[in-house]
Amino acid sequence: MNSATLRRAASISALTSVLLWIVLLLGIFIVGALTALAPDLMVRLAPLIVIPVFVVVAAFRSNRSDLGPRFMRIWIMLLACMLSLWPTYLSLKIGSAPSLDGRKLMMLAAVVIFVYLVVNRPAIRQALFFHGDTGTHLVSIITLAYIVLRYVSLHGSSFPVHAFIELTWNLIYYYFLYYFALACLRHPDCTSVVLRSFFWAMLLMAVLVVLEKIQGVNYLAMYAPGGSDFGAMQAISRLRDGVFRAQGTFEHPIALAEYASMVSGFSLAALLWARRMTGRLFALLVLMTSLAVNLASASRSGLVCAGAAMLLVFVLWMYRARKVQSLAGLFGRQVLVIGTLVGAVVLAAPVIWLLTQGRSTNEKLSSLARSEMLDRGVPSVIDNPFIGTGFGTAGQIAGHVGNGGLLTLDNHYLGIAIESGVPAVLLFTLSLLIPLLRAVQAVLSRPSPHAAFLAGAAGALAVLLIIRGTMWLSTNLAIGYLLAGLVMVFSRPVQSWAAEAVSTGKDRTAPGTHQASSRGMLRA
């Protein structure tokens, strides 16, 4: 290398250092100016400031190895347990900072790690972007498009800064988990770990529910922070026709019923696909427990959704593939599944009608309130079908004021249509419906070691889609998008948890094969 080349390299290095210092100083100036002009905003955004720091560090510490199985197993267990057991009404509130609960802190940690790994490891980028699966790309694009439309809906918000922060937290809390599962939760053990985590969480939840029913009070709720809508929500939701409704670790009994319905589908799948008697007995215990918890919530929607989830799981088990099916064989099984489901729904129609219309005066009033929400909300959707009226406006347009003075909207689809337009509703529905159909197709088309998980996930996603018509609470959507990501990974015809190595020549691992050694992988 001649002296001219050395001098040119030294000049480029010096120029790069100067530019980095300019960017750093400019960033400090901007943060300082915003802190002086809008201190409340900076306090709320403080948790997100750490992400650029990790991006810079990751860019200078490239690592060509993939994640290890221990890392993946630990994170799927932590996410499943946190989303199940941390009380949604318990949060840390300091000054004007946003309320932070264990779930949000866990999600923020996952976001930071995710961003670091995407920048730092080519294997993670390959698992996220270059997996070669058209269906996964489609769901990723649909979910991203839905997020964009939700941000577009900020145009009509009365408080755009507050709405932007709330929407960003929703992005971190719910939709991000789909991408996290694609990139970081690919080990074959992840499906069994998530099932065990949900099952043990359900048993622990049942203990809390039993105490609630016996004592008539949720002791965890006593530590909920004041000044929120939680107290008013409890006033209108905990008693119905003199019956105390359990809530467990969720802010509303219907959210508990939604979670219990999802676990019912998973436990039935584990029961039907189990090979050992101990596994069947444990799955049966969890199934009975989840149904009892559902009954303790006294939610009509929960009963309907539990029945739908178990019906779908049972039908998939009946027509599951015992060998790889041809297109004709797959089509025949799909026709049988659709016919069986339609027949079962027709037979159960009188019971479903009775539950939806209400058996008591209070239940009938609740159904009437939901009809009034539709009457008020549909004209707004017709007037603004494409971009909606703006984020946070659905409650004022179609909400119902209950006895506790709390404004509620009991229809997630209606709320999204009012705020972000009909296209956003279609994108949201497809982001969960496509993984559901993908799971169904995987069970019907070929044998899979993950068949029990895929069938249970199909039932859980069906629960999420059905119950969205009767509730606006989004708590369990985090579980839904986590399951959607896992389904897209483990429903592939040939699945390898180790991403193809981003290198050339002999270091490249062919997709669809397991690495012969885990040497060089991150051990967490």
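Residues numbered from 1 in each chain as written. Predicted model: local features only at pLDDT ≥ 70, side-chain atom pairs only at ≥ 80, totals over all residues. Heavy atoms only, no water.

1. Quick word on the overall build of the protein
Line of reasoning, step 1. Looking only at helices and strands, the protein has 19 helices and four strands in total.
Line of reasoning, step 2. The buried share among the 524 residues of the protein stands at 50%.
Line of reasoning, step 3. Looking at the protein alone, contacts between residues at least 24 apart form 78% of all its contacts between residues at least 6 apart.
Line of reasoning, step 4. Total accessible area on the protein stands at roughly 24,500 Å², and carbon and sulfur atoms take up 70% of it. (Helix = DSSP H or I, 4+ residues; strand = E, 2+ residues; numbered from the N terminus. Buried < 20%, exposed > 50% of the residue type's maximum accessible area, 1.4 Å probe, protein only. Contact = heavy atoms within 4.5 Å. Areas by Shrake-Rupley, 256 points an atom, 1.4 Å probe, with all protein chains shown as cover.)

2. Examining the confidence of the model for the protein
Line of reasoning, step 1. Mean pLDDT for the protein: 79, with 73% of residues reaching 70 or above.
Line of reasoning, step 2. Considering only residues more than four positions removed or in separate chains, one finds that residues 499-524, a stretch of pLDDT under 50, has 46 contacts. (pLDDT = per-residue confidence, 0-100.)

3. A few points about a nonpolar patch on the surface
Line of reasoning, step 1. Taken together, the side chains of L144, V148, V152, F386 and I387 make up a nonpolar region of the molecular surface, amounting to roughly 490 Å² of accessible area.
Line of reasoning, step 2. Overall, the relative accessible area of 39% leaves V152 in the partly exposed class. (Patch = residues over 30% accessible without salt bridge, like charges linked within 9 Å, V, L, I, M, F, W, Y side chains within 5 Å. Salt bridge = Lys/Arg side-chain N within 4 Å of Asp/Glu carboxyl O.)

4. A word on the layout of surface pockets
Line of reasoning, step 1. Roughly 1,100 Å³ of volume is contained in the second largest pocket.
Line of reasoning, step 2. Contributing to the lining of the second largest pocket are 41 residues, with V304, C305, A308, I352 and I466 lying nearest its centre.
Line of reasoning, step 3. For the lining of the second largest pocket, the secondary-structure elements that each account for two or more residues are α12 (300-318), α13 (327-357), α14 (361-383), α17 (422-445) and α18 (451-467).
Line of reasoning, step 4. Here the lining of the second largest pocket gets 12 residues from one element, more than from any other, and that element is α13.
Line of reasoning, step 5. Partitioned by chemical class, the residues of the lining of the second largest pocket number 27 nonpolar, 11 polar and three charged. (1 Å grid on protein atoms, 1.4 Å probe; cavity = no way out; pocket = protein on both sides within 12 Å on 5 of 7 lines; lining within 4 Å. Points joined across faces, edges and corners; volume = space filled by probe spheres on them. Nonpolar A, V, L, I, M, F, W, Y, C, P; charged D, E, K, R; others polar.)

5. A look at the nonpolar core
Line of reasoning, step 1. Judged by nonpolar contacts, the single largest core of 128 residues is most densely connected at F114, L185, Y259 and F453.
Line of reasoning, step 2. Looking at this core element by element, the count peaks at 15 residues for helix α7 (residues 160-184). (Core = buried A, V, L, I, M, F, W, Y, C linked by side-chain atoms within 4.5 Å.)

6. Topic: the pattern of salt bridges
Line of reasoning, step 1. All chains considered together, the criterion is met by six salt bridges.
Line of reasoning, step 2. When the shortest N-O distance is used, the salt bridge between R438 and D133 registers 2.5 Å. Of this pair, R438 sits in helix α17 while D133 sits in the loop between α5 (122-129) and α6 (134-152), placing them 305 residues apart in sequence.
Line of reasoning, step 3. Residue R438 is classed as buried on the basis of its relative accessible area of 14%.

7. Some remarks on the packing of helix α4 (residues 102-120) against α5
Line of reasoning, step 1. Running from N to C, α4 and α5 cross one another at 105°; their axes reach a closest spacing of 5 Å. Relative to α5, the element α4 is oriented roughly perpendicular. Facing F114, L117, V118, V119 and N120 of α4, the residues of α5 in contact are P122, I124, R125 and L128.
Line of reasoning, step 2. Its residues assigned to classes, the contact of α4 with α5 comprises seven nonpolar, one polar and one charged. (Axes fitted to C-alpha atoms, helices over the stretch in contact; angles between N-to-C directions. Parallel < 35°, antiparallel > 145°, perpendicular 65-115°, else oblique.)

8. A word on the environment of P188
Line of reasoning, step 1. Take P188: it is sitting in the loop between α7 and α8 (189-215).
Line of reasoning, step 2. Its relative accessible area of 25% is what places P188 among the partly exposed residues.

9. Concerning unusual backbone geometry
Line of reasoning, step 1. With a phi angle near 55°, A298 is a residue other than glycine that sits in the positive phi range.
Line of reasoning, step 2. By secondary structure assignment, the location of A298 is in the loop between α11 (277-296) and α12.
Line of reasoning, step 3. Among the residues examined, A298 registers a relative accessible area of 24% and is labelled partly exposed.

10. With respect to the packing of α8 against helix α10 (residues 253-273)
Line of reasoning, step 1. Where α8 contacts α10, the two axes come as close as 10 Å, and the packing angle between them is 130°. On the basis of the axis angle, α8 is oblique to α10. Two packed elements cross with a definite hand, and for α8 against α10 that hand is left-handed. Here L195, F198, F199, A201, M202, M205 and V209 of α8 come into contact with α10, specifically with L256, Y259, A260, V263, F266, S267 and A270.
Line of reasoning, step 2. Here the residues of the contact of α8 with α10 are counted per class, giving 13 nonpolar, one polar and no charged. (Left-handed = near helix turned anticlockwise from the far one by under 90°.)

11. Looking at empty space enclosed by the protein
Line of reasoning, step 1. This model, assessed by the stated rule, comprises one cavity of 30 Å³ or more.
Line of reasoning, step 2. The volume enclosed by the largest cavity comes to roughly 30 Å³.
Line of reasoning, step 3. Lining the largest cavity are F198, Y259, M262, V263, F266, I479 and L483.
Line of reasoning, step 4. For the lining of the largest cavity, the secondary structure elements donating two or more residues are α10 and α19 (477-490).
Line of reasoning, step 5. Per element, the largest residue contribution to the lining of the largest cavity is four residues, and it comes from α10.

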